[in-house]
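The lines below spell out each chain.
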Amino acid sequence: MAELELDRVGMSYGNTRVLHDVSLQVPDGRFHAVVGPSGSGKTSALRLLAGFARPDAGQVRIGGHDVGALPPERRDLGIVFQNYALFPHMDIAGNVGFGLRMRGAGRAEIRRRTGEMLELVGLGGLGARYPDELSGGQQQRVALARALVIRPKALLLDEPLSALDRKIRQEMQLELRRIQREAGVTAVIVTHDQEEALSLGDRLTVLDAGRVCQEGPPFEVYNHPASVFVAGFLGNANLFAGRVRAAAEGRVALKDAEAVGLHLPPGTAEGAAVTLCIRPERWRLAADAEGPGLALAGPIRHLHQTGETGNGAIDTPLGPVAFTVLSPALGDLATGKPVTLHATPRDIQVL
């Protein structure tokens, strides 16, 4: 196990700059998620850590040592790719033990450590099967076991769950977190899946166009986005353009609406253009609209149930506004019914 660090790294492919002054620090034993849209630079950052690419500027450190000149095989890292790359002619035990054989481990040690790792990933007793006899989720576990059996300093994961269907992917998120904790290994995952990043990471880095937009605990980044981009990319968000009418009162004028009592960023001047961010789950169905914050009324445009919660939208002068309620509340709602949504100042982020 070791601390992983990118220190103000820059990287280019030809004349195209893909990373700009990116810093990332992953403490020993922690799980860090790097998330961003396609082309944001997240995979390039992982390639720098793995040694498949070298930075044009800055340093890559593992355990406090500059490893920028070391090839991948000398960095002692476990890597799991989107394509599991299992050997089809080897059974599962052979796949998992491959790295140990390449390191010259004895047969008894390979058999013991392979068995321990298969138990850790929930595949005990399946060592004699072949990859084509396993489900996608089971193959993913084999890839994890193969990466971890060599006891790497850290584990790097490049979109490892993207090939799985939604239900299995959610199950594997929980299993991946359990396996990482039980193994005690430092881990970095890069993904475009916001839900995956939020559920897995101890900390989260959001990248866009090769730059760090925000970094912090997932709960903090989700609930207190630093920019309109982060708010819109990480989960669902209602975004409203407005202008500060009275800074002392936290009063913001919107098109055909007004919010009051808001917590404005320090130094926000009257007349400043701002954006209000309200997550769908922060709305409350209100019989009246009294009190500070923002209230919007309109007929329900659509409703659909997703399990424990129901999602919908109402038509307002500001456009369609999305909201989320617990499923039992859907019984009192119907398409076309007029409702009022209310968000308190603590439910509204001013960007």
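Quick notes on the rules
Going along each chain's sequence as written, the residues are numbered from 1 onward. Local features in a predicted model are, by the rule used here, given only for residues with pLDDT of at least 70; side-chain atom pairs are given and counted only at 80 or more, and totals for whole chains, interfaces and linings are based on all residues. Excluding hydrogens and water, the side-chain figures rest on all heavy atoms present in the structure. The secondary structure listing takes helices from DSSP runs of H or I that are at least 4 residues long and strands from runs of E that are at least 2 residues long, numbered from the N terminus. Accessibility here uses a 1.4 Å probe with only protein chains present; expressed as a share of the type maximum, an area under 20% marks a residue as buried, one over 50% as exposed, and anything in between as partly exposed. What makes two residues a contact is simply this: any of their non-hydrogen atoms within 4.5 Å. By convention a nonpolar core is built from buried Ala, Val, Leu, Ile, Met, Phe, Trp, Tyr and Cys residues, the set being connected through side-chain atoms within 4.5 Å. What counts as an axis is a line fitted to C-alpha atoms, over the stretch in contact for a helix, and the angles between N-to-C directions run from 0 to 180 degrees. Each angle gets one of four labels, with under 35 degrees taken as roughly parallel, over 145 as roughly antiparallel, 65 to 115 as roughly perpendicular, and the rest as oblique. By definition, any crossing whose near helix is turned counterclockwise from its far helix by less than a right angle is left-handed, and any crossing with a clockwise turn is right-handed. As a working rule, the residues Ala, Val, Leu, Ile, Met, Phe, Trp, Tyr, Cys and Pro are called nonpolar, Asp, Glu, Lys and Arg charged, and the rest polar, with Gly in that last group. Should DSSP find at least two bridges between two strands, the strands are regarded as paired. In this scheme Phe, Tyr and Trp rings, the latter by its six-membered ring, pair at centre separations within 6.5 Å, and the angle between planes marks the pair as stacked below 30 degrees, edge-to-face above 60, and tilted otherwise. Consider the ring centre and the ring normal. A charge sits over the ring if Lys NZ or Arg CZ is within 6 Å of that centre and within 35 degrees of that normal.

Student: Teacher, can you tell me more about the overall build of the protein here?
Tutor: Helix and strand content of the protein: eight helices and 20 strands. In terms of overall dimensions, the protein has C-alpha extents of about 75 × 50 × 30 Å along its principal axes. Here the protein holds 351 residues, and the buried ones make up 48% of them. Across the protein, every contact between residues at least 6 apart in sequence was considered, and the portion connecting residues at least 24 apart equals 66%.

Student: Looking at this structure, how should I read the nonpolar core?
Tutor: It is characteristic of soluble globular proteins that their nonpolar side chains tend to be buried jointly. Counting residues in hydrophobic clusters, the biggest one holds 43 residues, and the most contacted among them are Val-96, Leu-144, Leu-155 and Leu-157. At six residues, helix H4 (residues 136-148) tops the list of elements feeding residues into this core. Among all residues touching Leu-155, those that are not within four sequence positions of it are Gly-78, Ile-79, Val-80, Leu-144, Ala-147, Leu-148, Val-185, Thr-186, Ala-187 and Val-188. The next biggest cluster of nonpolar side chains, apart from the first, holds 26 residues, and it includes Val-252, Ile-314, Val-325 and Leu-330.

Student: Could you clarify how one ought to interpret the packing of helix H2 (residues 92-102) against H4 in this entry?
Tutor: For any two helices packed against each other, one specifies the crossing angle of their axes together with the interaxial distance. Where H2 meets H4, the closest approach of the two axes is 7 Å, and the angle between their N-to-C directions is 30°. Classified by the interaxial angle, the pair formed by H2 and H4 is roughly parallel. Our pair here, H2 against H4, has a crossing hand that is right-handed. Mapping the contact onto sequence places Ile-92, Asn-95 and Val-96 in H2 and Val-142, Ala-145 and Arg-146 in H4. Partitioning the contact of H2 with H4 into residue classes produces four nonpolar, one polar and one charged.

Student: Looking at this structure, I do not really get the sheet that holds strand S12 (residues 251-254). What am I missing?
Tutor: To summarise the sheet geometry, strands pair through backbone hydrogen bonds and adopt either a parallel or an antiparallel arrangement. Across the sheet, five strands lie side by side as S13-S12-S11-S14-S20; this open sheet has antiparallel pairing. Of all strands in the sheet, those bounded by a partner on one side alone are strand S13 (257-259) and strand S20 (349-350). In this sheet, strand S14 (residues 273-278) lies alongside strand S11 (residues 238-246) in antiparallel orientation, the contact comprising six bridges. In the strand pairing of S14, Arg-243 is matched with Ala-273.

Student: Mind showing me how you'd approach helix H1 (residues 42-50) here?
Tutor: Residue pairs spaced three or four apart in an α-helix point in one direction, given the helix's 3.6 residues per turn. Across the nine residues of H1, seven count as buried, placing the element largely inside the fold. Every buried residue belonging to H1 is among Lys-42, Ser-44, Ala-45, Leu-46, Leu-48, Leu-49 and Ala-50, and all of these are buried. One or two positions beyond H1, positive phi appears at Gly-51, with a value near 95°.

Student: Is there a simple way to explain the packing of aromatic side chains in this structure?
Tutor: By convention here, two paired aromatic rings are described through the distance between centres and the angle between planes. Across all of its chains, the model carries three aromatic pairs by this definition. Each ring, one from Phe-52 and one from Phe-81, has its centre 6.3 Å from the other, and the planes form 35°; the classification is tilted. Placement of the pair is Phe-52 in the loop between H1 and strand S4 (57-62) and Phe-81 in the loop between strand S6 (77-80) and H2, with a sequence separation of 29 residues. A residue is classified by how much of its surface remains accessible, and Phe-52, at 37% relative accessible area, is partly exposed. Here Phe-81 falls in the partly exposed class, since its relative accessible area comes to 36%. Residues Phe-229 and Phe-233 carry aromatic rings whose centres are separated by 5.7 Å and whose planes lie at 10° to one another, so their mutual orientation is stacked. Here Phe-233 and Phe-229 lie together in helix H8 (residues 228-233), a separation of four residues that amounts to about one turn. By relative accessible area, which is 27% here, Phe-229 ends up partly exposed. Geometry around Phe-87 places Arg-146 over its ring, the cationic atom sitting 5.6 Å from the centre. Sitting above the plane of the Tyr-222 ring, Arg-279 keeps its charged end 4.1 Å from the centroid.

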